[in-house]
Amino acid sequence: MASLSPVTVSVPEAGHGGGSTPPHYGGDGGGPGDGYPDYGRRLRRARLGLAVALAPILMFFVSLASAYIVRQGLPTFDEKSNTYVRDWNPTDLPLAMLLVNTGLLAASSLTAELARRQITRQAALAPVRSIPGVSLGSETGFPWLYVTVLLGAGFLVGQWLAWQEMANRGYYLATNASSSFVYLLTAAHGIHLAGGAVVLLYAAVVSLFHKPIEARRIVVDVTAWYWHFIFLLWVGIFAFLWFLR
Amino acid sequence: MATSAPVHAHAAPQGFIRRYVFSLDHKVIGLQYYFLALVAVFVGMFLSLLMRIHLIWPTAILPGIGEIKPETYLSLLTMHGTIMVFFVLTTAPQSGFGNYFLPIQIGAPDMAFPVLNMLSFWTTFAAFVVLVSAFFVSGGAPLHGWTGYAPLSALTNSGPGEQLGADLWITSIALFCVASLMGALNFITTILDLRAKGMTMMRMPLTCWAWFVTAILGLLAFGVLLSAGILLLLDRNLGTSFYVPLVVVNGQPMGHRGGSPLLWQHLFWFFGHPEVYIAILPGMGVTSQVLSTFSRKPIFGYKAMVYAIMAIGFLGFVVWGHHMFMSGMSPYSAFAFSIMTMLIGVPSAIKTFNWLGTIHNGRVRFQSPMLYAIGFVSLFVSGGLSGPFLAQPVLDIPLHDTYFVVGHFHLIMGVAAIFGIFAATCYWFPKMFGRMMNETLGRVHFVITLIGTYAIFMPMHYLGMAGQTRRYSQFTEVPYMTRLIPLQTFMSYAAFITIGAQLIFLINLFWSMFKGPKASDNPWEATTLEWTTATPPPHDNFGGHTPVVHHGPYEYSVPGAAKDYVMQTDPAGAAAH
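Below is a short write-up of the structure. Because the structure is predicted, anything quoted here is derived from the model rather than measured.

Remarks on the overall build of chain A
Then, in step 1: Scanning chain A from terminus to terminus reveals five helices and two strands.
Then, in step 2: What you see in chain A, going N to C, is helices and strands ordered as α-β-β-α-α-α-α.
Then, in step 3: Across the 245 residues that make up chain A, the buried fraction comes to 35%.
Then, in step 4: In chain A, the proportion of contacts linking residues at least 24 apart, taken out of those at least 6 apart, comes to 74%.

Here's what the structure looks like:
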């Protein structure tokens, strides 16, 4: 209840989406409005861009989900009985495998967050490190970025195995409407996740080329938030496919 | 002009490739979009020329083309609609002028994400190339119309153009969706984050508001079209049945079952109707800008205009069902869609009356940008008045798929938006190219195009009421339609003259680009930020500085001010009132 306190000091908290500069939007007189002044502004802009970018991704999946619901309730003409019948045949999902995959993705979301906090801390300490004679020890840091990418790859392999299991059970892409949607939704989600993994790999690789830590931090920060979104999106898709099957 | 840190994300490029081809500069990208749309509009117009020739001389053998068969005619109308809607009406007003002038009008050095901006243009370019390549593959271009209705579009053997040509069409649309999403993301972030000091949202020019709301519409609509297109590709190539029910073609079952063609219609029109406003809203913004500037009056009801843009944007998302009254939807749904559709008339009327209020008692300067803006209002009203007719199911059912609908949407969405492009071209040409366009050629072009447009599209309403169906390649031997042939002939001749007149615009554009008289920095005595900077603007838009804004965008005829306009950056003007 900050508003009840006589003095409230708001400090953006590193590692909690606070950023390094107080938020001020262009046009309100609070900011210089000069475009590209510092990494703090660039980080905020990148986060804003990500937030905006999530809208069409959500719309994409919502439209597929609405198509799923419409198709599920749609009667189909049956030429044998010459009547309209319900032909929705739920796909026999490999639940155990999907749960394991969900666990992998949850773990990767956690490691992505650790990577984000790690690089935020490194970026904050970078100016101190550059002072001659100042040493902060040899903090190499655990490679959370690589672990995240590995777990993400594990999730994708797990999804592939789940597809194979579905195929073993007789559910292919064009078997029926339900299986078409299952393959489509999981594939679309996998592609979005793979995109995030490529960006994380990029962030890891550019560290080898001595890119400024602040620039890398922006990439890792935004991708980590994206990764969390992809995890939540998967939970939503999984629940949708399971409970509305 | 107050100053602050002179910074820019990327230095001015030196080489030709980085400067003019893979440029990160929003101004160059804006021009790239503009010229892409210019090429597209002439391709689209050429296709319409062929259609108009075929409609009155159906057996004519055209040099280099031969006889236009019915399926060729369908391909022509498909490609004409697709090119015009996506690569002209969506590309030029939003991506072209928006890219060039949005950052400058809000006082920013560039778009928020310049690399994304470049990617967006080149993806659009690739989409155009893929689309046009459909003409040159086996079977030719698709014939399912720009709306791509299933199952015609979902079956590879439903017509000669429905093989590879249709796949290319869908791929092109998907690429265009991705490009538009990147563009919309950039526009929204730029407006929210890069406005100069003092440029509050309610001090933004109405052009920026229009680009902003258009970007939001694109952001929410193109993702849906993308998903719809992917389902279509799967149906066509991987045997799924999202859109295709049990279908038998030439005695052969197609192997699909259970799909719903109406699903495509819902998904398509959920995108398709906002697309109408994606095409027209930027034109509304430019018209507001030009009417105020050339009437030497503040825009009438600035806040009402902003709220009207928002209302149009919102309502645009809840009316898609009015395209589907014939689909057998529940009368209750039809009633709801009908009411919501007619509600759009309210903010549209607010805008129209405010435009008239802006001109009223103004010291109007009838220069070519103003003429085109007045033409926009005229066409918007003429096309808009038939909207409430089509919004009512009881009237839409007999008029559906007739020329009445063709006349309606060409006037309000097609030509009105094109007049917005003309107005924007003439208005901003001095800033973009540092020279003035030829006024005489502009006036001649305006008069011929306005009269020609009405001559082409107004009779379509009568044809529609007389029962003439659209998309038919030949009607010369249909008894009840033969009586309408003189009107069709008149429309075709009007089209020939109007299309020919576009060469005047083209000549004016390119001649003025190199030979026009030099323009001053603010030839129209306008107030917004683009007129405070050099002509053409430097790489970082404001020569190492960023402007500080003190006023709204339409401070004309301010009592006590030294001149009849006060620039947005003028601190002295602030003291004057």
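And the narrative resumes.
Comments concerning the overall build of chain B
Then, in step 1: Counting secondary structure elements, chain B contains 19 helices and four strands.
Then, in step 2: The globule rule puts the C-alpha radius of gyration for 577 residues at 25 Å, and the 24 Å found for chain B is close to it.
Then, in step 3: Once the C-alpha set of chain B is aligned to its principal axes, its extents read approximately 80 × 55 × 45 Å.
Then, in step 4: Across the 577 residues in chain B, those meeting the buried criterion constitute 56%.

A few points about the interface of chain A and chain B
Then, in step 1: Contact residues are listed per partner, giving 35 residues for chain A and 46 residues for chain B.
Then, in step 2: When contributions to the side of chain A that touches chain B are tallied by element, the ones reaching two or more residues are α1 (39–72), β1 (75–78) and α4 (177–206) of chain A.
Then, in step 3: Element by element, the count of residues in the side of chain A that touches chain B is highest for α1 of chain A, at 15 residues.
Then, in step 4: Tallied by class, residues from the side of chain A that touches chain B come to 20 nonpolar, nine polar and six charged.

Describing unusual backbone geometry
Then, in step 1: Put simply, A150 of chain B and P151 of chain B share a cis peptide bond, and its omega is 5°.
Then, in step 2: A cis amide bond links T535 of chain B to the next residue, P536 of chain B, at an omega of -15°.
Then, in step 3: Along the chain, P536 of chain B falls in the loop between α18 (485–515) and α19 (571–576).
Then, in step 4: Even without being glycine, N82 of chain A reaches a positive phi, approximately 60°.

Points about helix α3 (residues 70–89) of chain B
All names here are of chain B.
Then, in step 1: Taking 1.5 Å as the rise per residue, α3 with 20 residues should run 28 Å; its terminal C-alpha atoms sit 27 Å apart, in good agreement.
Then, in step 2: Its maximal kink placed at I83, α3 deviates by approximately 25°.
Then, in step 3: Of all 20 residues making up α3, 17 are buried, and the element is well covered by its neighbours.

Cut-offs used in this document
- Residues numbered from 1 in each chain as written.
- Chains lettered and ligands numbered in written order.
- Predicted model: local features only at pLDDT ≥ 70, side-chain atom pairs only at ≥ 80, totals over all residues.
- Helix = DSSP H or I, 4+ residues; strand = E, 2+ residues; numbered from the N terminus.
- Buried ≥ 20, exposed ≤ 12 C-beta atoms within 10 Å, placed from the backbone.
- Contact = placed C-beta atoms within 7 Å.
- Rg over C-alpha atoms; globule rule 2.2 N^0.38 Å.
- Nonpolar A, V, L, I, M, F, W, Y, C, P; charged D, E, K, R; others polar.
- Expected span 1.5 Å × (residues − 1).
- Bend = angle between axes of the 7 residues up to and from the residue.

That's the geometry; what it means functionally is another story.
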